[in-house]
Amino acid sequence: SNLSNDPFNAFSILPVSYGLKGNYGPGMYFVSSKSGGESRLRLWYINDAYSGNPKLFSYEVDVPVYGIGGNAGQYGTSDLLDVGDCRMLSGFYLDGIVHAVHLTNIGDGWNGINYHRISVQSMNAESSNFGLQGSYDYAYPAVASYANKATDKSVMIAFLRSGDDIYPEFRVVHCDQNMDWSSSTLVQEGDTYVDLITSTTERWGDYTGICRQYTNATYPAIWMNGCYGGNVGSLNTYHTFRSKIAKVYAVKTATEMPENQRPVSKTFPLPLKDAFTHEFILSNGQKINIEVLDDNGKLIKKLFNDYLPTGKQTLSFTVDNLNPGIYILNIIGDESYKNQIKIVVAEK
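For the structure given in this document, a descriptive report is provided here. (Residues numbered from 1 in each chain as written. Predicted model: local features only at pLDDT ≥ 70, side-chain atom pairs only at ≥ 80, totals over all residues. Heavy atoms only, no water.)

1. Some words on the overall build of the protein chain
Right, on to step 1. Helices and strands together make up the secondary structure of the protein chain, namely zero helices and 26 strands.
Right, on to step 2. Along the longest, intermediate and shortest principal axes, the C-alpha atoms of the protein chain span 70 × 50 × 40 Å.
Right, on to step 3. When each of the 348 residues of the protein chain is scored for burial, the buried share is 47%.
Right, on to step 4. Taking as baseline every contact in the protein chain between residues at least 6 positions apart, the subset at least 24 positions apart corresponds to 57%.
Right, on to step 5. Roughly 17,200 Å² of accessible area belongs to the protein chain as shown, and the carbon and sulfur atoms make up 47% of that amount.
Right, on to step 6. Distance between charge centroids for the protein chain: 8 Å, based on 28 positive and 35 negative side chains. (Helix = DSSP H or I, 4+ residues; strand = E, 2+ residues; numbered from the N terminus. Buried < 20%, exposed > 50% of the residue type's maximum accessible area, 1.4 Å probe, protein only. Contact = heavy atoms within 4.5 Å. Areas by Shrake-Rupley, 256 points an atom, 1.4 Å probe, with all protein chains shown as cover. Lys, Arg positive; Asp, Glu negative; His and termini not counted. Charge placed at Lys NZ, Arg CZ, Asp CG, Glu CD.)

What follows is the structure in structure tokens.
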């Protein structure tokens, strides 16, 4: 209460924790955006937060214009998904910089991720958008540090995606020190559309979360949760949302490989029980489709369908709902990459 509404209302003020293991202070930073869109953010600071007489300060930070796009489509139904608004959703503080994310219109009503790095010394911000205008809506982002040291600005951002030709899904993207984006990685593909609440616009997102794993590992690790279109058979609740929890780690650096080399790949562990990892190398970036077929070549399950960059790829999947037996892992790219691996699913 009693917060300043200048230059815009004090709405959904987000406290930012420390990006790595440990704390900062004794003051504390907060950041907020205007829910309907603006060309500024607000950075807030409480000094002497541990004492009995703290003071609150508010600063304006200029950024590129942001705003709300249209609601998101989904395959199989005319019901739309509510993208919400531009309120600040997630952030952290590290080495003099507040990292923060929210949704924005990236053009023609399509929504994407708006990522900011705000210097608490200069009150200047670096900002960048991530999305795919004309194809999909991206919403409900959450950001965590992916740094090996405090001066590293690398982050992982979890988010939700949907479109007219896909079910609602959960994904993650890496943004490096120089604010260059990777291609996004599918965490959980949607199994169905959502039409649970209304006949027009469905509630979506809200509970996407992300957190750095605070251990002294040799590489950073991130834990995330988010929703996807799914059926809950035990409750007889169909066309609703399910949640996925995932660990993301060990981003590989792409390495070049000679053209026309035969596919080199490895799948482990074998036989499979709950999950497996498949490693392979691409001589050039392309869209890759990975499917599980039975031993007669019939499609059983789609695992992956997205663009992958040049170099070594490491993808992990679950084998939920697969009966024990022999299957074929079928990997096909749109640049002539093709590979088939026989896999065995063991009794659990």
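2. Structural notes on the pattern of salt bridges
Right, on to step 1. Scanning all chains against the criterion turns up seven salt bridges.
Right, on to step 2. Of the charged contacts in the structure, one is a salt bridge between R161 and E169, with a shortest N-O distance of 3.0 Å. Take R161 and E169: they sit in the same class, and that class is buried.
Right, on to step 3. D306 is the salt-bridge partner of R171, the closest N and O atoms lying 1.7 Å from each other. Here R171, found in strand β14 (residues 166-175), pairs with D306, found in strand β23 (residues 299-308); they are 135 residues apart in sequence, far enough to count as distant. In terms of burial, R171 and D306 fall into one category: buried.
Right, on to step 4. Beyond isolated ion pairs, a larger network of salt bridges with shared partners links R161, E169, R171 and D306. (Salt bridge = Lys/Arg side-chain N within 4 Å of Asp/Glu carboxyl O.)

Functional significance is not addressed by these values, which are geometric in nature.
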